[in-house]
Amino acid sequence: MEIETKCLHSGYEPKNGEPRMIPIIQSTTFKYDTSEEMGKLFDLQASGYFYSRLQNPTCDMVAAKIAAMEGGTAAMLTGSGQAATFLAVFNLASAGDHVIASSTIYGGSFNLFNVTMRKMGIDFTFVDPDCTDEELEAAFKPNTKAVFGETLANPALIVFDIERFANAAHKHGVPLIIDNTFATPVNCRPFEFGADIVTHSTTKYMDGHDATVGGVIVDHGKFDWMAHADKFPGLCTPDESYHGITYATQFGKEGAFITKATAQLMRDLGTVQSPMNAYMLNLGLESLPVRMERHCSNALKIAQFLEKNDKVAWVNYPGLPGNKYYERAKKYMPKGTCGVISFGVKGGRKNAEKFMAGLKLGMIATHVADARTCCLHPASSTHRQMTEEELKAGGVPSDLVRLSVGLENVDDLIADISNALSAL
C-alpha cells in the first residue's frame, strides 16, 4: 500500500461486526481467569495486556499504523516527543557511554542531551551536520552507542544527510536515530536511506490540530544487535530486572529494541501516551498526506514572496531552488519538505519581534507544524537556554523568525505577512 492508504487502513483491521474506527480502550487494567495466563504475559511468553502503563490496545494499534507508514517492524507511543527522544537514546546508552548528535537539533533535545542526560553520566559530542568526513570520524569513541540527527533541523531547516551519517554509524557498529517530525513519513522515510530508529513528536504534523501531546519511536528491525553484542549489553545479555530475558535473542532484530523500551523503560519511567490521545492522533494521521501537501505548497509560495520583500534580510526554505540544501532535499524529500520557513527581518531581533506583534492571522506560539499558522522567535523562547555561540553553532541566529505555515488560504497569509512587514 502507498502512504495515503496506510494512513487510513494500517494498524487496525476490524472484523465482522466490529467498530470501523480504532476503539478507545480507556482502562488501566485487564482481567484474566487464571494467574497462569497473566504470568505468561509478565514473562513475555504470550501477547496481551495487563496494565496500560506498559501497553494499551488503542496505543498499540496507532503505533502499528505509524510503524507501517515508516516501514518499520515495531513502534511504541510515548507521552511526548521529548519522551520519545529520551527513551530512544536511553534504550542504548547508560552511564559511561557516549552519543554523537547533530549540533543543529531542536533546542529542547539539545538541552536534554547536553544538560539532563550528562547528569546521568552519558557523554555527548555535537557535530555540525555539514562537517567533513574527517571531523565526523573523529567524533566516534570506543564507547559510542548511537548517532542522532533530525531530517529537517528545527528551526534551522538544515537537511540532514541521512545516508552519509548512517554509513558512518554502521562502520562503527552503532545505529542511526533520526527525528523525522518535520518531514513526516509522507515526505521522508529515513529507513530507506539507512536509518535504524525513527522518532517523532506526534504533537506536530501527525496530530496537526493543536490538540494532543505525544511521541513515537519506530524500529526498522534491521540492525543486528547480536553482531555488536559487546556494545549493547542491555539488549544482548539477560535483563535481571525482567526475568532474565535477553531481548535480542528472544525477539530478534525485529522486536528487541521496542520490547526492551516497553518492558524495561516504559515500565520504570511511565512516559505513556493515553488511549484518548492515541485515538485523536489517529484522526490526524488519516488526513496527514492531504495536509502535508497543502502545508508545503503554501510554504513555498510564502517563501517566494519573502525572498522578494525588501524588509527581509534572508530566507531559508529547502524547497527554494537557490537554497543550500535544495538538491539534498530533492533526494530525501522529493514530495516536499515541510511547512516551516526560517527568515530574518532587517533590523535584527528588535524588528523580528515587532514583525511578529504585527501579525493578525499568524499567531505567536511555541507550537509548530499545526493547521493554523504560527510564528516564533526561537532565540527568546525554545532556544533561550543556549548561548550566542551555541545559537550560531545550532544554525539559529538571534534574528531568526520561524514561521510555521498552516492550511489557511495562502493569499490571506501573504497579505497578513505583508502588512506586518510594511509596518516596520
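Look up a bit, the structure's there.
Residues numbered from 1 in each chain as written. Predicted model: local features only at pLDDT ≥ 70, side-chain atom pairs only at ≥ 80, totals over all residues. Heavy atoms only, no water.

Chemist: A description of the sheet that holds strand 2 (residues 98-102) should follow, citing residues and the corresponding values.
Modeler: In spatial order, the strands read 1-7-6-5-4-2-3; together these seven strands make up an open sheet with mixed pairing. Edge positions in the sheet fall to strand 1 (74-78) and strand 3 (123-127), since each has one partner strand and no second. Taking the axes of each pair of neighbouring strands and ignoring which way they run, one obtains an average angle of 20° across the sheet. The pairing of strand 2 with strand 3 spans five bridges and is parallel. By the bridge assignment, histidine 98 is partnered in strand 3 with aspartate 123. Against the sheet, helix 5 (residues 107-119) contacts strand 2, strand 3 and strand 4 (144-150), and its axis sits at roughly 155° relative to strand 3. Along the sheet, helix 10 (residues 247-269) makes contact with strand 1, strand 6 (197-201) and strand 7 (215-219), crossing strand 1 at roughly 25°. (Pairing = 2+ DSSP bridges. Helix = DSSP H or I, 4+ residues; strand = E, 2+ residues; numbered from the N terminus. Axes fitted to C-alpha atoms, helices over the stretch in contact; angles between N-to-C directions. Contact = heavy atoms within 4.5 Å.)

Chemist: Describe the sheet that holds strand 11 (residues 374-376), listing the residues and the values that go with them.
Modeler: Taken in spatial order, the five strands make up an open sheet running 8-9-12-11-10, and their pairing is mixed. For this open sheet the edge positions go to strand 8 (312-316) and strand 10 (363-364), each flanked by a neighbour on one side alone. Summarising the sheet, strand 8 and strand 9 (residues 340-345) pair through four bridges and their orientation is antiparallel. Considered in strand 9, the bridge of asparagine 316 is made with serine 342.

Chemist: Hey, could you go over a nonpolar patch on the surface for me, with residue numbers and the actual values?
Modeler: A cluster of nonpolar residues, Ile24, Met276 and Met280, forms a patch on the protein surface that exposes about 220 Å² of accessible area. With respect to the element layout, methionine 276 can be found in helix 11 (residues 275-286). (Patch = residues over 30% accessible without salt bridge, like charges linked within 9 Å, V, L, I, M, F, W, Y side chains within 5 Å. Areas by Shrake-Rupley, 256 points an atom, 1.4 Å probe, with all protein chains shown as cover. Salt bridge = Lys/Arg side-chain N within 4 Å of Asp/Glu carboxyl O.)

Chemist: Describe unusual backbone geometry, naming the residues involved and giving the relevant values.
Modeler: Of note, the bond from asparagine 154 into proline 155 is cis; its omega dihedral lies within 30 degrees of zero at 5°. The topology assignment puts proline 155 in the loop between strand 4 and helix 7 (162-171). The backbone phi angle of leucine 157 is positive, close to 60°, even though this residue is not glycine. Mapped onto the secondary structure, leucine 157 falls in the loop between strand 4 and helix 7. In this structure, histidine 243 is a non-glycine residue whose phi angle is positive, near 60°. Summarising the element assignment, histidine 243 is placed in the loop between helix 9 (233-236) and helix 10.

Chemist: Residue-level account of empty space enclosed by the protein, with values.
Modeler: Summed over the entire model, instances satisfying the criterion amount to one cavity of 30 Å³ or more. Residue lining of the largest cavity: Leu359, Gly362, Thr373, Leu403, Leu413, Asp416 and Ile417, and that is the complete set. Ranked by residues supplied to the lining of the largest cavity, first place goes to helix 16 (residues 410-422) with three residues. Residues of the lining of the largest cavity, tallied by class, amount to four nonpolar, two polar and one charged. (1 Å grid on protein atoms, 1.4 Å probe; cavity = no way out; pocket = protein on both sides within 12 Å on 5 of 7 lines; lining within 4 Å. Points joined across faces, edges and corners; volume = space filled by probe spheres on them. Nonpolar A, V, L, I, M, F, W, Y, C, P; charged D, E, K, R; others polar.)

Chemist: Quick rundown of the pairing of strand 5 (residues 176-179)? Include the residues and the values.
Modeler: Neither face of strand 5 is left uncovered, since the one carrying Leu176 and Ile178 and the one carrying Ile177 and Asp179 both have all their residues buried. Sheet analysis places strand 4 next to strand 5, joined by four bridges and oriented parallel. Paired with glutamate 150 across the bridge in strand 5 is aspartate 179. Between the parallel pair strand 4 and strand 5, the chain is carried across by helix 7, and the sense of this crossover is right-handed. (Buried < 20%, exposed > 50% of the residue type's maximum accessible area, 1.4 Å probe, protein only. Right-handed = clockwise from strand over helix to strand, strands pointing away.)

Chemist: Which residues make up the packing of aromatic side chains, and what values do they have?
Modeler: Each aromatic ring pair is described using two quantities: the centre-to-centre distance and the angle formed by the ring planes. Inspection of the entire model under this criterion finds 14 aromatic pairs. Note on phenylalanine 110 and phenylalanine 126: the rings are 4.6 Å apart at their centroids and 35° apart in plane angle, and the pair reads as tilted. Here the residue phenylalanine 110 occupies a position in helix 5, and phenylalanine 126 occupies one in strand 3, the gap between them amounting to 16 residues. A residue is classified by how much of its surface remains accessible, and phenylalanine 110, at 8% relative accessible area, is buried. Classification of phenylalanine 126 by relative accessible area gives partly exposed; the value is 22%. Through successive ring pairs, a cluster of aromatic residues spans Phe110, Phe113, Phe124, Phe126 and Phe148. (Phe/Tyr/Trp six-rings, centres within 6.5 Å; stacked < 30°, edge-to-face > 60°.)

Chemist: Lay out the layout of surface pockets with the relevant residues and their values.
Modeler: One number sums up the size of the largest pocket: a volume of about 580 Å³. What lines the largest pocket is a set of 32 residues, among which Gly48, Gln55, Asp60, Thr259 and Thr262 lie closest to the centre. Breaking the lining of the largest pocket down by element, the ones donating at least two residues are helix 3 (57-70), strand 1 and helix 10. A total of seven residues in the lining of the largest pocket trace back to one element, the largest contributor, which is helix 10. The class makeup of the residues in the lining of the largest pocket is 21 nonpolar, ten polar and one charged. When its volume is computed, the second largest pocket comes out at roughly 390 Å³. Around the second largest pocket sit 23 residues that line it, and Tyr106, Asn154, Ser201, Lys204 and Val368 are the ones nearest its centre. Listing elements by their share of the lining of the second largest pocket, those giving two or more residues are helix 4 (81-90) and strand 6.

Chemist: For the pairing of strand 12 (residues 400-404), give the residues involved together with the corresponding values.
Modeler: The buried fraction of strand 12 amounts to five of the five residues, a majority that puts the element mostly inside the structure. Here strand 12 shows no split at all, with Leu400, Arg402 and Ser404 on one side and Val401 and Leu403 on the other all buried. Pairing analysis gives five bridges linking strand 9 to strand 12, with the strands arranged antiparallel. Within strand 12, the residue paired with glycine 344 across the bridge is leucine 400. The sheet contact formed by strand 11 and strand 12 spans three bridges and is antiparallel. Residue pairing across strands places leucine 376 opposite arginine 402, the latter belonging to strand 12.

Chemist: Can you explain the nonpolar core? Please cite residues and give values.
Modeler: Within the largest apolar cluster, 108 residues are counted, with the highest numbers of intra-cluster contacts made by Ile66, Leu77, Phe113, Ile162, Leu176, Ile217 and Trp225. The greatest single-element share of this core, amounting to nine residues, is contributed by helix 10. Residues in contact with phenylalanine 113, not counting those within four places in the same chain, are Thr85, Val89, Ala101, Ile105, Arg118, Phe124, Phe126 and Phe148. By size, the runner-up hydrophobic cluster in this structure holds 26 residues, among which are Ala299, Val315, Leu320 and Ile341. (Core = buried A, V, L, I, M, F, W, Y, C linked by side-chain atoms within 4.5 Å.)

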